[in-house]
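Per-entry structural report
Take a look at the letters that make up each chain.
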Amino acid sequence: MKRESVISQLTDKDEPFDFVVIGGGATGLGVAVDAATRGYSVALFEQNDFTKGTSSRSTKLVHGGVRYLAQGDVSLVLEALRERGLLRKNAPHLVKDQKFLIPCYRWWEGPFYAIGLILYDLMAGKLGLGRSICIGPKRALKTVPRLVPKGMTAGIIYHDGQFDDSRLAMHLVRSAIDAGGCVLNYMKVTSLVKEKGKIVGVVVCDRETDISYTIKARCVINATGVFADDILQMDEPGKRRTVRPSQGVHLVLDSSFLESDCAVMIPKTSDGRVLFAVPWHNKVVVGTTDTLMDHADEEPVALEKEIDFILETAGKYLTKPPKRSDVLSVFAGLRPLAAPRSEGTKTKEISRSHKLIREKSGLITIIGGKWTTYRKMAQDTLDYAIRYMHVPTHDCVTETFSIHGSKPDPDFSDPLYVYGSDAEEIKQIIQSSPEMSEQLHPDYHYTVGEVVWIIRNEMPRSVEDILARRFRILFMDARAAIAMAPRVAVILAKEWGKDENWQSMQVKNFNQIASNYILN
């Protein structure tokens, strides 16, 4: 999958694309896959790397949303539970069953949460992942040994899904391209092309070459998440903003803080939210927060109050309370929530359902939602757009579409499992020479051969793209990622014919970004 060959599709095409999608996160990639698999021509442009923003910074859960059920948002939970089951079927190499334990410290919590989670299971129906049960404190502590035993009255076991967000995104990129789509990163939409007040295309600039292309399209879809208002302003300057970003922060700890492959969910924290501690790639992801922000940044930074809240809350439930020095990485993401109509609206009161908006110009914007429901969001967006287009209607096929790399019964103990069926190609490269089998860091499995395969097949353009989103090491252990950066820069330079100055600049840029993932 060479970026240059994908770009050639832009210059070789005479007819307008049926769809141009702006934004390469979960929603945009879902729309591109849906359109391509229906037989429509589609081009997707992402101004940075795929999932550079919100979609690489999730809690790594494919879930129905237990707290949404508690809030009475039954329709959202039903939709998410169904999509959770479909995603597990369509991407079994990336989505797996994750067992959760809710520790109960008051007499009424056991029966209360048990009833709610039995309802959760019933709502999932045939697409359920496992049955919820109430267990005693002894069994609960055996399941997760690091939980505080004092005062525990019971534990509730339930099941949800767990995945790797950026890795799924890369398989969606490959899926869209396999189906004939044109999907590109580092292509910034700089303006909208209009005729008689209607949008008929976009002008897009390749950020590597500064070459601009005018791309004609029958429909333009704005799927830029927290940056949706930037595109809406291009269409109608001065328009009232539609998105209010909400920041969620996660801390990553060593697996010893749980000593279990079972995740923990604290259903009600001091501010009325939930807290997760989820095993992920032999680490534990703890979070999250929900803080309304005034504006969106490409590299959001955790606030001190958010870090303190997570450490303090986790410390109440773990026998080994985490300290700042225990945090291997901290990352922040921004949720694209629909802007509240009234000031002072709390983030937990703003619906997580997605919302479709059509402008007079024909521009269609999709906001809200979450990774779990990305497929349904894409289907709804395409169905909505087709209503206003003079094109033949094709039915959605993604409910049963196997995502690129799909592999039944994967071996999750294999470090290369995230590549699915592509793993065999990577193993061949690794085994081809002693150099290719060299590890990039003594504590982690990543090899030179794995980097080479990624460069040739997954369109990374920088050290950051590889260490943050192709590998997930920046999100798992920021200091280890910094140690790996010079070697990755050398491999990239060798593949692309770059000089030492380019390598140095790549390492410098990466270290600057990585510094925000380290707690001093």
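The text that follows walks through the structure, step by step, so that each part is easy to find. Everything numeric here is computed off the predicted structure, so don't read it as measured data.

The next point concerns the overall build of the chain. Regarding its fold elements, the chain presents 16 helices and 20 strands. Rg of the C-alpha trace for the chain: 23 Å, near the compact-globule value of 24 Å for 520 residues, within the 12% margin. Projecting the C-alpha coordinates of the chain onto the three principal axes gives extents of approximately 70 × 55 × 40 Å. A burial count over the chain gives 62% of its 520 residues as buried. Here the chain has roughly 21300 Å² of accessible surface; of this, 51% comes from carbon and sulfur atoms. Measuring between centres, the 67 positive side-chain charges of the chain sit 6 Å from its 64 negative side-chain charges.

All right, on to the pairing of strand 13 (residues 275-280) then. Burial analysis of strand 13 places six of its six residues in the buried class, the great majority of the element. Burial along strand 13 is two-sided: the face carrying Leu275, Ala277 and Pro279 and the face carrying Phe276, Val278 and Trp280 are both buried. In terms of strand pairing, strand 12 (residues 263-266) meets strand 13 through three bridges, oriented antiparallel. For Val264, the partnering residue across the bridge sits in strand 13 and is Ala277. As defined by bridge partners, strand 13 adjoins strand 14 (residues 283-287) across five bridges and the pair is classed as antiparallel. When the bridges of strand 14 are listed, Val278 appears paired with Val285. Hairpin connection, strand 13 to strand 14: the antiparallel pair is bridged by two residues, and His281 has positive phi, about 50°.

Here we take up the side chain of Thr291. Relative to the helices and strands, Thr291 resides in strand 15 (residues 291-292). With relative accessibility at 15%, the residue Thr291 sits in the buried group. A polar atom in the side chain of Thr291 sits 2.9 Å from the side chain of Glu306. Excluding residues that lie within four positions of it along the chain, Thr291 makes contacts with Pro245, Ser246, Gln247, Leu303, Lys305 and Glu306.

Per the stated rule, a full pass over the model turns up 17 aromatic pairs. Residues Phe100 and Phe276 carry aromatic rings whose centres are separated by 6.0 Å and whose planes lie at 75° to one another, so their mutual orientation is edge-to-face. Taken together, the positions of Phe100 in strand 4 (residues 96-104) and Phe276 in strand 13 put the pair 176 residues apart, joining distant regions of the chain. Take Phe100: its relative accessible area is 0%, and that puts it in the buried class. Ring pairs connect the aromatic residues Phe100, Tyr120, Tyr158 and Phe276, which therefore count as one cluster. The ring of Tyr388 has Arg358 lying over it, and the distance from NZ or CZ to the ring centre is 3.9 Å.

This brings us to the pattern of salt bridges. Side-chain pairing between opposite charges can occur once the charged atoms of the two side chains come close. Applying the stated criterion across every chain yields a total of 37 salt bridges. As a salt-bridge pair, Arg470 and Asp49 come within 2.7 Å of each other at their nearest N and O atoms. Of this pair, Arg470 sits in helix 13 (residues 463-470) while Asp49 sits in the loop between strand 2 (42-45) and strand 3 (61-62), and the two are 421 residues apart along the sequence. For Arg470, a relative accessible area of 2% gives the class buried. One salt bridge connects Lys60 with Asp165, and the closest N-O pair in it is separated by 2.8 Å. Note that Lys60 is positioned in the loop between strand 2 and strand 3 and Asp165 in helix 7 (residues 165-178), a separation of 105 residues in sequence. As far as burial versus exposure is concerned, Lys60 and Asp165 are alike and both buried. Connected via shared salt-bridge partners are Asp49, Lys52, Arg57, Glu299, Glu464, Asp465, Arg469 and Arg470.

When two helices pack together, their arrangement is captured by the angle between the axes and the distance separating the axes. Packing of helix 13 against helix 15 (residues 478-496) brings their axes to within 9 Å, and their N-to-C directions diverge by 125°. Relative to helix 15, helix 13 is oriented oblique. The element helix 13 and its partner helix 15 pack so that their crossing is right-handed. Residues Val463, Ile466 and Leu467 of helix 13 lie in contact with helix 15, whose contacting residues are Ala481, Met484, Ala485, Val488, Ala489 and Leu492. Considering only residue class, the contact of helix 13 with helix 15 consists of nine nonpolar, no polar and no charged.

This brings us to the pairing of strand 20 (residues 444-447). As judged from the two bridges shared by strand 19 (residues 439-441) and strand 20, these two strands associate in the antiparallel manner. In the strand pairing of strand 20, Gln439 is matched with Thr447. Between strand 19 and the antiparallel strand that follows it, strand 20, lie two residues.

Once that is clear, we can look at unusual backbone geometry. At the junction of Gly287 and Thr288, the peptide bond is cis and its omega measures out at 20° in the coordinates. For Thr288, the position within the fold is in the loop between strand 14 and strand 15. The phi angle at Tyr186 is positive, at roughly 55°, despite the residue not being glycine. Following the sequence through the fold, Tyr186 ends up in the loop between strand 7 (182-184) and strand 8 (187-195). The backbone of Met459 shows a phi angle near 55°, a positive value even though the residue is not glycine. With respect to the helices, strands and loops of the structure, Met459 is situated in the loop between helix 12 (448-457) and helix 13.

Reading the values: the criteria
- Residues numbered from 1 in each chain as written.
- Predicted model: local features only at pLDDT ≥ 70, side-chain atom pairs only at ≥ 80, totals over all residues.
- Heavy atoms only, no water.
- Helix = DSSP H or I, 4+ residues; strand = E, 2+ residues; numbered from the N terminus.
- Rg over C-alpha atoms; globule rule 2.2 N^0.38 Å.
- Buried < 20%, exposed > 50% of the residue type's maximum accessible area, 1.4 Å probe, protein only.
- Areas by Shrake-Rupley, 256 points an atom, 1.4 Å probe, with all protein chains shown as cover.
- Lys, Arg positive; Asp, Glu negative; His and termini not counted.
- Charge placed at Lys NZ, Arg CZ, Asp CG, Glu CD.
- Pairing = 2+ DSSP bridges.
- Polar contact = N/O pair within 3.5 Å; in protein donor to acceptor, adjacent residues only side chain to side chain.
- Contact = heavy atoms within 4.5 Å.
- Phe/Tyr/Trp six-rings, centres within 6.5 Å; stacked < 30°, edge-to-face > 60°.
- Lys NZ or Arg CZ within 6 Å of the ring centre and 35° of its normal.
- Salt bridge = Lys/Arg side-chain N within 4 Å of Asp/Glu carboxyl O.
- Axes fitted to C-alpha atoms, helices over the stretch in contact; angles between N-to-C directions.
- Parallel < 35°, antiparallel > 145°, perpendicular 65-115°, else oblique.
- Left-handed = near helix turned anticlockwise from the far one by under 90°.
- Nonpolar A, V, L, I, M, F, W, Y, C, P; charged D, E, K, R; others polar.

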